[in-house]
Amino acid sequence: MELINKQEVSKKLSGRLLLNKVLKYIFLLFTLVGLVVLATLLIDTVLDGWRYLTPDFFTSYSSSRPESAGIYGALIGTLWLMAVTAPIAIILSVGTALYLEEYAPKNRLVNFIKVNISNLAGVPSVVFGLLGLTLFVRLMELDSSVLAAALTMSLMILPVIVVASQESIRSVPSTIREASIGMGATKWQTITRVILPAAVPGIITGIILALSRAIGETAPLIIIGIPTILLFTPTGVLDTFSALPMQIYSWVKLPNPEFQSVTAAGIIVLLFILFLMNSVAIYIRNKYSKRF
Amino acid sequence: MSEYNIQKMISEKKGRRSSAFIEKMVPIILLLITLVSVLTTIGILVTLLSETIVFFTRVSPIEFLTSTEWSAFSSDPQWGIFALIMGTLKITVIAVIFAVPVGLGAAIYLSEYASDRVRRIIKPILEILAGIPTVVYGFFALTFVTPLLRGIWSEVNLFNALSPGLVVGVMIIPMIASLSEDAMSAVPNTMREGALGLGSTRLEMVFKVILPAAISGILSSIVLAVSRAIGETMIVSIAAGSTPNASINILESLQTMTGFIVQVASGDATYGTDTYFSLYAVGMTLFVFTLIMNVVAQWLSRKFREEY
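Residues numbered from 1 in each chain as written. Chains lettered and ligands numbered in written order. Predicted model: local features only at pLDDT ≥ 70, side-chain atom pairs only at ≥ 80, totals over all residues. Heavy atoms only, no water.

**Quick look at unusual backbone geometry**
All names here are of chain A. At glutamate 141, a position not held by glycine, the phi torsion is positive, near 50°. For glutamate 141, the position within the fold is in the loop between helix 5 (125-139) and helix 6 (146-170). By relative accessible area, which is 64% here, glutamate 141 ends up exposed. One non-glycine residue, aspartate 143, lies in the positive phi region at around 55°. Counting through the fold element by element, aspartate 143 comes out in the loop between helix 5 and helix 6. Of the residues examined, aspartate 143 reaches a relative accessible area of 53% and is grouped as exposed. (Helix = DSSP H or I, 4+ residues; strand = E, 2+ residues; numbered from the N terminus. Buried < 20%, exposed > 50% of the residue type's maximum accessible area, 1.4 Å probe, protein only.)

If you want it as structure tokens, here you go:
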């Protein structure tokens, strides 16, 4: 008795192999969609905006005339925002990650906190904007200040840094932890002198990636009322400010076609900053990540 | 040798109360910090709920849920959230139709066909794509994709659903691709070898073995991407227009829930007006939608997880 009908199999085989080959190239094509879009976006933007990338563009404030519009105010504002957001976000998220990984008992509350953090990661940024508007701008009367925006941004990027830090702390092998305890170190000494130094590259990478998300985030800033046109730079955390994505957004909406090029120039600057931050993150990840 | 008496040193150090105090305080301080994330959630819920309730004392919830017209800025305002939901839905459906096949195809290629070298080149590019600010995508949709579509198809309006929908799709492709790829890579090689050994082609192996085995991760990546598309703000506020309507025409101007929130917050409403409070009612609706999606995604990845 013949179990396999060889004729039948070989009749279908060429079709099956052809389909396999065709779909392989379709999958490849789909993979390249992202690449093509990215290239188009970059080329289109650079071709459009490079003419406006003059030294004046970096040293002048925004203007109603495209030829004299610049991003000085927005650039300084973004630097302020990042300088205030970073420490708040770092303290909150690394503290949370340390507690969850090193101290937290296994109980319902801790479980709830973990689920809650992963849910927070999925909350749209506009909703964080509404929280910031009600809590920081109105209730705490911070107005549309650097501090109000920084607090909103910190809460928004918190889940990202917490998850990155948790992974990094978890990857520190328990052997070196036990060695430290065995040598007589206390738990806090073990954390500050053994675990954190080993986990810090991963944590920093997470922080930089989270901040690079915050730097391009526009919606929460619009909602807490950051002005689009501002002809001064902040001198303290309670001053109002402008930011790069806000500036880009306000230029996008202008009907004058020349402003399209100004917008593109602003985008080039924003993307360049993001590119720098990501390069630093990748460099740190590759250079300092230790394998135990 | 008395200066190296370790026993004495230890007992001296033990006596120092500051270190014992630190050991006791640190967990408490860290717990307080951890609770900030819980307070954030409570803050979001309380904020949205309390202002939404104020809104519903002024506008009937029945009108909010059943009317199909939304005109917050007219002299006779209409508050039918359906018009905004329809806008969000149109964008999301276009984005998903575009992104799911492309994202999954990319995931299959990267996980099952690509060599290690190709994977190492493509994956960072997808990461870059995921990191581009949405305001930049919005500019791209308005100044590149829309004119392109209008060149092909003259009925497309300057503001439409198609162009921002496609660009939102591009935005969520990396998410679907990388999460699905993770799910497929987690399928053990023994199953691949089993399928190939039985004489299936690579394609048959993908569809009959790998995809069913990785289905929980794939579905949850899609649901998460849908949630991202629903909450996406800048692309739609720049390229989709600001005319809420409940039609299914994807070539004309529309407004999404997020687009409305941005329009109001950009300065069209003053504190205390109906329009101001409608901000929170819309925000609440948006929050509920995305929350459901996130819970479904978590449930999916738990429910259908196959352990090998």
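Read on for the rest.
**With respect to the UniProt feature "domain: ABC transmembrane type-1" (unreviewed entry) in chain A**
Within the UniProt annotation, "domain: ABC transmembrane type-1" (unreviewed entry) is assigned to residues 75-280 of chain A. Taken end to end, residues 75-280 of chain A has its terminal C-alpha atoms 20 Å apart, with 77% of it in helix and 0% in strand. (UniProt positions renumbered as here; feature names shortened; annotations may be inferred.)

**Some remarks on the packing of helix 6 (residues 134-152) of chain B against helix 7 (residues 162-185) of chain B**
To describe two helices that pack against each other, one gives the angle between their axes and the distance between the axes. Residue and element names in this part refer to chain B. Here helix 6 crosses helix 7 at 130°, and the two axes come no closer than 9 Å. Judged by the angle between their axes, helix 6 and helix 7 are oblique. Seen from above, helix 6 lies across helix 7 with right-handed handedness. Contact with helix 6, carried on its side by Thr134, Tyr137, Phe140, Ala141, Val145, Thr146 and Leu149, involves Leu162, Ser163, Pro164, Val167, Val170 and Met171 of helix 7 and no other residues of that element. Broken down by class, the residue content of the contact of helix 6 with helix 7 amounts to 10 nonpolar, 3 polar and no charged. (Axes fitted to C-alpha atoms, helices over the stretch in contact; angles between N-to-C directions. Parallel < 35°, antiparallel > 145°, perpendicular 65-115°, else oblique. Left-handed = near helix turned anticlockwise from the far one by under 90°. Contact = heavy atoms within 4.5 Å. Nonpolar A, V, L, I, M, F, W, Y, C, P; charged D, E, K, R; others polar.)

**As for the domain arrangement of chain A**
Residue and element names in this part refer to chain A. Under the domain assignment, chain A is made up of domain 1 (13-52) and domain 2 (57-288). The partner domain 2 presents 12 residues to the 9 residues of domain 1 that form the contact. When the buried surface of domain 1 facing domain 2 is broken down by residue, Thr45, Asp48 and Tyr52 rank first, second and third, together holding 71% of it. Inspection of the domain 1/domain 2 interface yields 0 salt bridges. Connecting domain 1 to domain 2 are 4 residue pairs in polar contact (both at pLDDT 80 or more). Residues belonging to the side of domain 1 that touches domain 2 are distributed by class as follows: 5 nonpolar, 2 polar and 2 charged. (Domains from an automatic or database assignment. Buried area = accessible area lost by both parts, 1.4 Å probe. Salt bridge = Lys/Arg side-chain N within 4 Å of Asp/Glu carboxyl O. Polar contact = N/O pair within 3.5 Å; in protein donor to acceptor, adjacent residues only side chain to side chain.)

**Observations regarding the interface of chain A and chain B**
In this complex, chain A contributes 70 residues to the contact, which on the side of chain B involves 75 residues. When the two sides are added together, the surface that chain A and chain B hide from each other amounts to roughly 6200 Å², 78% of it contributed by carbon and sulfur. Of all residues in chain A, Phe27, Thr31 and Leu130 of chain A bury the most surface against chain B, accounting for 10% of the area lost on that side. Here chain A is connected to chain B by 1 salt bridge. Here glutamate 204 of chain B makes a salt bridge to arginine 16 of chain A, at a shortest N to O gap of 2.7 Å. Applying the counting rule to chain A against chain B returns 13 residue pairs in polar contact (both at pLDDT 80 or more). Taken together, the residues that form the side of chain A that touches chain B break down as 45 nonpolar, 18 polar and 7 charged.

**Re helix 4 (residues 108-120) of chain A**
Residues and elements named next belong to chain A. Taking 1.5 Å per residue, 13 residues should reach 18 Å; helix 4 reaches 18 Å between its end C-alpha atoms and fits that length. Considered for burial, the residues of helix 4 that qualify are Val110, Ile113, Asn116, Ile117, Asn119 and Leu120. Its side-chain oxygen at 3.2 Å from the backbone nitrogen of leucine 109, asparagine 107 defines the N-terminal cap of helix 4. (Expected span 1.5 Å × (residues − 1).)

**Side note on the UniProt feature "transmembrane region" (unreviewed entry) in chain B**
All names here are of chain B. In this structure's numbering, the residues bearing the UniProt feature "transmembrane region" (unreviewed entry) are residues 21-49, 79-104, 125-149, 161-184, 205-226 and 277-300. Counting secondary structure, residues 21-49 comes out at 100% helix and 0% strand; the distance between its end C-alpha atoms is 41 Å. From the first C-alpha to the last, residues 161-184 spans 33 Å; its make-up is 96% helix and 0% strand.

**Let's talk about the nonpolar core**
By size, the foremost hydrophobic cluster in this structure holds 183 residues, and its most contacted members are Leu221 of chain A together with Ile44, Trp70, Tyr137 and Met184 of chain B. In terms of residue count, helix 4 (residues 81-113) of chain B provides more of this core than any other element does, 17 residues in total. Here isoleucine 44 of chain B is in contact with Leu120, Val123, Val127, Phe128 and Leu131 of chain A together with Phe287 of chain B, once residues within four sequence places are set aside. (Core = buried A, V, L, I, M, F, W, Y, C linked by side-chain atoms within 4.5 Å.)

**Focus: the domain arrangement of chain B**
All names here are of chain B. Partitioning chain B into structural domains gives domain 1 (2-58) and domain 2 (70-303). Computed from C-alpha coordinates alone, the two centres of domain 1 and domain 2 are separated by 38 Å. If you look at the interface, domain 1 gives 10 residues, while domain 2 gives 12 residues. On the domain 1 side of the contact with domain 2, Leu48, Phe55 and Arg58 bury the most area, a combined 53% of that side's loss. At the junction of domain 1 and domain 2, the tally comes to 1 salt bridge. A salt bridge links aspartate 274 to arginine 58, with the nearest nitrogen and oxygen atoms 3.0 Å apart.

**Considerations on the side chain of asparagine 160 of chain B**
All names here are of chain B. Along the chain, asparagine 160 falls in the loop between helix 6 and helix 7. Residue asparagine 160 is classed as buried on the basis of its relative accessible area of 0%. A polar contact of 2.9 Å, which involves the side chain of asparagine 160, links it to the backbone oxygen of asparagine 157. Within the structure, asparagine 160 has its side chain in polar contact with the backbone nitrogen of serine 163 (distance 2.8 Å). Every residue in contact with asparagine 160, bar those within four places of it in the chain, is listed here: Thr146, Ala239, Ala240, Ile250, Leu251, Glu252, Ser253 and Leu254.

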